[in-house]
Amino acid sequence: KILVTGALGQIGSELVGKLRKTYGKDNVIGADIREVEGIRDAGPFEIADVTNGDRLMEVAKEHKVDTIMHLAALLSAKAEVVPKIAWDINMGGLVNALEVAHELNLQFFTPSSIGAFGPSTPKDNTPQDTLQRPNTMYGVNKVAGELLADYYHHRFGVDTRGVRFPGLISYVTPPGGGTTDYAVEIYYEAIKNKAYSSYIGKGTYMDMMYMPDALNAIVDLMEADPAKLKHRNAFNISAISAAPEDFEKAIKKHIPEFELTYNVDPVRQNIADSWPNSIDSSAAKSEWGFKAEYDIDKMTKDMLEKIREK
Ligand code: VAH
């Protein structure tokens, strides 16, 4: 049985569905700080604030879970607006979730991010093991989170695992407060207005991945043979390295009159500039068989179709 925190978020809302399809509806408990109409019709759901460790423990015990997937967090741009709150949620929530995993001997997953790298990190084909001195609160949270999850593994034997997610692109639940969110907005705007004004500038490369590949990566990593894992928190994984003009090119194949313009937001541009252009996923490929199915053209075709259906 799996407890998923952040169940209403960009990853959590689709991860719960994927896990219920894979392991059975009643074996996946969604938890978030609030509930939405009808959420309990889809399966077990609990209201829990991850900064309340006792509540998290109570929910995990009540549902007799054997795994916790901790997705509740504030993303990069939002965290720069409220850094202290981001610390409390991102680190307070994480240590509470790790304590639950430790006390109840649960398998544990939490994502890191390309945001765990900073301006002094090698930007092209960023290695699995390299310098990590991010200069954003989110990045500080992600590096500290990686070290904390590794600590619970080597100190207490908790089976903690994680991936460094690139920017995730999905059509189900739009992300909130991220830096890579332009790559989601662009598809919605392409359908609605055949135009989009990007807050990230031309030539700004970042790693990206379609949500189905991200969800498969979580399941594949959690099901991997632990004896083969030389790394734990957290594996570099990426599918696409792209700049705004690459999305424009891919979209124009379906909507030829699509117009991309730029109105750079310095705050989010600074964050994006501090991140790698492309990361090296070879450790994930060799240690647990990571593979991505969607390149930018295959993702674009599916995104536009699915958004049109919505
Ligand atoms: C963000 N989408 O933009 C998240 C993610 C790699 C980016 O961490 O903050």
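A brief structural summary. Note that this is a predicted model, so its numbers are computed, not measured. (Residues numbered from 1 in each chain as written. Predicted model: local features only at pLDDT ≥ 70, side-chain atom pairs only at ≥ 80, totals over all residues. Heavy atoms only, no water.)

Attention now moves to the site of the ligand. If you check the shell around the ligand, you find Leu75, Ser76, Ser113, Ile114, Tyr138, Phe165, Pro166, Gly167, Gly178, Thr179, Thr180 and Trp275 and nothing else. Here Ser76 contributes a side-chain N or O atom positioned 2.6 Å from an oxygen atom of the ligand. Protein burial of the ligand: of its 280 Å² of free accessible surface, 96% is covered by the chains. Of the residues assigned to the shell around the ligand, the class counts are six nonpolar, six polar and no charged. (Near = heavy atom within 4 Å. Polar contact = N/O pair within 3.5 Å; in protein donor to acceptor, adjacent residues only side chain to side chain. Areas by Shrake-Rupley, 256 points an atom, 1.4 Å probe, with all protein chains shown as cover. Nonpolar A, V, L, I, M, F, W, Y, C, P; charged D, E, K, R; others polar.)

Geometrically, the link from Asn233 to Ala234 is a cis peptide bond, its omega value of 5° lying close to zero. Note that Ala234 resides in the loop between helix H7 (211–222) and strand S13 (235–236). The phi dihedral of Asn125 is positive, around 55°, even though this residue is not glycine. In this fold, Asn125 is placed in strand S7 (residues 124–126). Overall, Asn125 belongs to the partly exposed group, its relative accessible area being 48%. Of note, the phi angle at Lys194 is positive, near 55°, even though the residue is not glycine. Considering the arrangement of structural elements, one finds Lys194 in the loop between helix H6 (182–193) and strand S11 (195–198). (Helix = DSSP H or I, 4+ residues; strand = E, 2+ residues; numbered from the N terminus. Buried < 20%, exposed > 50% of the residue type's maximum accessible area, 1.4 Å probe, protein only.)

To continue, consider the environment of Val143. Here Val143 shows up in helix H5 (residues 137–156). Taking relative accessible area as the criterion, Val143 reaches 15% and is therefore assigned buried. Measuring from C-alpha to C-alpha, the distance between Val143 and Phe117 comes to 8.0 Å, with 26 residues separating the pair along the chain. Contacts of Val143, omitting those with residues within four sequence positions, involve Ala116, Gln132 and Pro134. (Contact = heavy atoms within 4.5 Å.)

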